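Letter by letter, the chains look like this.
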Amino acid sequence: MSVGRSQGGLPPDSVIESEAAILKDTQRLIERWHDHERYAMLRIVVAPCSPFSVSRELMRDSAVLARSYGHAHGVSLHTHLAENDNDIAYTRERFNCTPAEYAEALGWVGPDVWHAHCVKLDAAGIELFARTGTGVAHCPGSNMRLASGIAPIRAMRDAGVPVSIAVDGSASNDSGHMLGEARLALLLQRVVQGPVKGPSALTAREVLEIATLGGARVLNRDDIGALAPGMAADIVTVSLDDIGLAGAHHDPLAALFFCHVPRVKHSIVHGRVVVRDGQLTTLELPRLIERHNALARELAQAACRVR
């Protein structure tokens, strides 16, 4: 973030950085950590926060920097766009255009770009994203929590826009549960007032595709998102003997999204067992929870002192 409140931006001035420093450190991180090989577990994405927290120049220069490494290195671009009415108003007042038009003018469209939210993406923006292969990360939980609205996912899908599911961040999503987000995405589209509404607006199988293959497409990857030979060994299992799924064995996939949000029984990431029998294998969870609660208390106490 580089444009603080004193300059008309959203973030406090205390958290902004100089644009030269942002670009320099982004380049350092790409060259130190970015892995473009197949099955890579660490890739750097150039991600200015949003049009209302960085300048036009930083948006433009970020796109130039990412693409200077060439398509083969797969350095992608990401930001938050058209999230709510204030976002639309800011872009129109500052730049005299819609968020989608702003993104296009600065090179922020294409298969190497994905935008979070897009709740207020208009018909012309949807057509632009479909034509250019620009991706959208749908964050239904965050959009509900912040009262931003419901993203037109059905219209995006019908137009051919690459759509994935995401959680936004801990500031606007208190669980960060991907299965929970998929459930919200499924149910929300059924209450949207549009050409397609009701149960046909989105199905359980469609939301599974969005959450898996959709995520892979938005990330511009062909090595994840499906259980198939030659793909990364990313697998989760859910137990069907839980009371919340009783009676749903005739359609386990639908049960996964329509019934209560289940806990994953086993999780394998790139061949590594991360969860076994519902328990994390990679860290001591009780110690982590204790530390997390202590830090939260300190943060709350500091906030009270500031007030």
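Right, let's walk through the structure included here. (Residues numbered from 1 in each chain as written. Predicted model: local features only at pLDDT ≥ 70, side-chain atom pairs only at ≥ 80, totals over all residues. Heavy atoms only, no water.)

Within the protein one finds eleven helices and eight strands. For the protein, the C-alpha radius of gyration of 20 Å lies close to 19 Å, the compact-globule estimate for 307 residues. C-alpha extents for the protein along the principal axes are approximately 55 × 50 × 45 Å. The contacts in the protein between residues at least 6 apart in sequence include a share of 64% that link residues at least 24 apart. Side-chain charges in the protein split into 31 positive and 34 negative, and the spacing between the mean points of these groups amounts to 3 Å. (Helix = DSSP H or I, 4+ residues; strand = E, 2+ residues; numbered from the N terminus. Rg over C-alpha atoms; globule rule 2.2 N^0.38 Å. Contact = heavy atoms within 4.5 Å. Lys, Arg positive; Asp, Glu negative; His and termini not counted. Charge placed at Lys NZ, Arg CZ, Asp CG, Glu CD.)

A surface patch of nonpolar side chains, amounting to about 240 Å² of accessible area, comprises Leu 280, Leu 283 and Leu 288. Looking at where Leu 280 falls in the secondary structure, it is placed in strand β8 (residues 279–280). Exposure remark for Leu 280: the relative accessible area of 36% places this residue in the partly exposed category. (Patch = residues over 30% accessible without salt bridge, like charges linked within 9 Å, V, L, I, M, F, W, Y side chains within 5 Å. Areas by Shrake-Rupley, 256 points an atom, 1.4 Å probe, with all protein chains shown as cover. Salt bridge = Lys/Arg side-chain N within 4 Å of Asp/Glu carboxyl O. Buried < 20%, exposed > 50% of the residue type's maximum accessible area, 1.4 Å probe, protein only.)

Tracing the chain through its elements places Gly 4 in the segment before α1 (19–33). Relative accessible area serves as the criterion here: at 0%, Gly 4 is assigned to the buried category. Taking the C-alpha atoms as reference points, Gly 4 and Ala 204, 200 residues apart in sequence, are found 42 Å from one another. Setting aside chain neighbours within four positions, we find Gly 4 in contact with Gly 9, Pro 11, Asp 13 and Ile 16.

Our focus in this paragraph is the sheet that holds strand β5 (residues 235–237). An order of β5-β6-β7-β8 is seen for the four strands of this open sheet, with the pairing classed as antiparallel. Edge strands, defined here as strands with exactly one partner in the open sheet, are β5 and β8. Where β5 and strand β6 (residues 266–269) come together, three bridges link them in antiparallel fashion. When the bridges of β6 are listed, Val 236 appears paired with Ser 267. (Pairing = 2+ DSSP bridges.)

Glancing now at the sheet that holds strand β3 (residues 135–138). Taken together, four strands build an open sheet; the order of strands is β1-β2-β3-β4 and the sheet is parallel. Each of the sheet's edge strands pairs with one partner strand only, and the pair in question is β1 (77–81) and β4 (163–165). Between one strand and the next, the sheet's axes are offset by a mean angle of 30°, whatever the strand orientation. Bridge count for strand β2 (residues 113–117) against β3 is three bridges, and the pairing is parallel. Its bridge partner lying in β3, His 115 is registered against Val 136. (Axes fitted to C-alpha atoms, helices over the stretch in contact; angles between N-to-C directions.)

This brings us to the packing of aromatic side chains. This model, assessed by the stated rule, comprises three aromatic pairs. Relative to Tyr 90, the ring of Phe 52 lies with its centre 6.2 Å away and its plane at 80°, an arrangement referred to as edge-to-face. With Phe 52 in the loop between α1 and α2 (56–67) and Tyr 90 in helix α3 (residues 85–95), the pair connects residues that are 38 residues apart, well separated along the chain. For the pair Phe 52 and Tyr 90, a shared accessibility class is recorded, and that class is buried. Linked through ring pairs, Phe 52, Tyr 90, Phe 95 and Tyr 102 together constitute an aromatic cluster. The ring of Trp 33 has Arg 32 lying over it, and the distance from NZ or CZ to the ring centre is 3.9 Å. (Phe/Tyr/Trp six-rings, centres within 6.5 Å; stacked < 30°, edge-to-face > 60°. Lys NZ or Arg CZ within 6 Å of the ring centre and 35° of its normal.)

The next subject is the packing of α1 against α2. For the pair α1 and α2, interaxial distance at closest approach is 11 Å and the crossing angle is 20°. Taken together, the axis directions place α1 and α2 in an arrangement best described as roughly parallel. α2 is crossed by α1, and the crossing has right-handed handedness. Residues Glu 19, Ile 22, Leu 23, Thr 26 and Gln 27 of α1 form the contact with α2, whose own contacting residues are Glu 57, Leu 58, Asp 61, Ser 62 and Leu 65. (Parallel < 35°, antiparallel > 145°, perpendicular 65-115°, else oblique. Left-handed = near helix turned anticlockwise from the far one by under 90°.)

For the rest of this paragraph, the subject is helix α8 (residues 178–189). Under the 1.5 Å per step criterion, the end-to-end length of α8 is 17 Å for twelve residues, consistent within 8% with the ideal 16 Å. Residues of α8 that are buried: Leu 179, Gly 180, Glu 181, Ala 182, Ala 185, Leu 186, Leu 188 and Gln 189. At its buried positions, α8 is contacted by β3, α6 (140–145), α7 (153–159), β4, α9 (204–218) and α10 (252–258). (Expected span 1.5 Å × (residues − 1).)

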